[in-house]
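Coordinate analysis (summary)
Residue strings, one per chain:
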Amino acid sequence: MTAGLPEVPGLPPIKAPWIVGRTALLEHAADDFLSETARQKPWKRARYEALLDSLDEFLGAPAPLLAYTRATGEAWRRTLDAGAQADADDLLLDFRAYLREWGWLDSARPLNRPD
């Protein structure tokens, strides 16, 4: 059992923090992602933090996590100058992988919540 929630047979265990009764915000996932990044790639934390703040603003801070999609991420990336776009590409790859691995996207979608 994770965070007081039962494991659902056939589904991966829930790893993301459960935000009871509130919409998961991009900033919640970003904070956890940045903590993990600080452990694994500390040299990227400051740049990723600035980029995630920019993404959140682009999506209408405080943005719900589900406002971030591949399409909105790409639209945001195109608003950046050429120098920042390479960093944004790295961020979007790492952030999306983190959201999937830690179950953030699944827990943010009401249809995927355990009964």
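Right, let's walk through the structure included here. (Residues numbered from 1 in each chain as written. Predicted model: local features only at pLDDT ≥ 70, side-chain atom pairs only at ≥ 80, totals over all residues. Heavy atoms only, no water.)

Throughout the structure, instances matching the rule amount to 6 salt bridges. A salt bridge links D94 to K41, with the nearest nitrogen and oxygen atoms 3.1 Å apart. With a gap of 53 residues between them, D94 in helix 4 (residues 82-101) and K41 in the loop between helix 1 (26-40) and helix 2 (45-58) connect regions that are remote in the sequence. On the basis of relative accessibility, which here comes to 24%, the residue D94 falls in the partly exposed class. The salt bridge involving R77 is made with E74; its shortest N-O contact spans 3.0 Å. Residue R77 and its partner E74 are both found in helix 3 (residues 70-78); the two are separated by 3 residues, about one turn of the helix. Overall, R77 belongs to the buried group, its relative accessible area being 14%. (Salt bridge = Lys/Arg side-chain N within 4 Å of Asp/Glu carboxyl O. Helix = DSSP H or I, 4+ residues; strand = E, 2+ residues; numbered from the N terminus. Buried < 20%, exposed > 50% of the residue type's maximum accessible area, 1.4 Å probe, protein only.)

What follows covers the environment of D53. Considering the arrangement of structural elements, one finds D53 in helix 2. Put simply, D53 and A30 are 23 residues apart on the chain and 8.7 Å apart in space, counted from C-alpha to C-alpha.

On to the packing of aromatic side chains, then. In this structure the tally under the stated criterion is 5 aromatic pairs. Residues F33 and Y48 carry aromatic rings whose centres are separated by 5.8 Å and whose planes lie at 20° to one another, so their mutual orientation is stacked. Taken together, the residues span a long stretch of sequence, with F33 in helix 1 and Y48 in helix 2 at a distance of 15 residues. Overall, F33 belongs to the buried group, its relative accessible area being 4%. Taken together, the aromatic side chains of F33, Y48, Y68, F95, Y98 and W102 make up a single cluster linked through ring pairs. (Phe/Tyr/Trp six-rings, centres within 6.5 Å; stacked < 30°, edge-to-face > 60°.)

Mapped onto the elements of the fold, D31 is located in helix 1. In this structure the C-alpha to C-alpha distance between D31 and L52, which are 21 residues apart in sequence, comes to 9.4 Å.

For the rest of this paragraph, the subject is the packing of helix 1 against helix 4. Two elements in contact, helix 1 and helix 4, have axes separated by 10 Å at closest approach and are oriented at 100°. When the axis of helix 1 is compared with that of helix 4, the two are roughly perpendicular. Across the interface between the two elements, L26, A29, A30, D32, F33 and E36 from helix 1 touch L91, D94, F95, Y98 and L99 from helix 4. Among the residues making up the contact of helix 1 with helix 4, the classes are represented as 8 nonpolar, no polar and 3 charged. (Axes fitted to C-alpha atoms, helices over the stretch in contact; angles between N-to-C directions. Parallel < 35°, antiparallel > 145°, perpendicular 65-115°, else oblique. Contact = heavy atoms within 4.5 Å. Nonpolar A, V, L, I, M, F, W, Y, C, P; charged D, E, K, R; others polar.)

Our next topic: the environment of A75. By secondary structure assignment, the location of A75 is in helix 3. Separated by 17 residues in sequence, A75 and F58 have C-alpha atoms that sit 9.2 Å apart.

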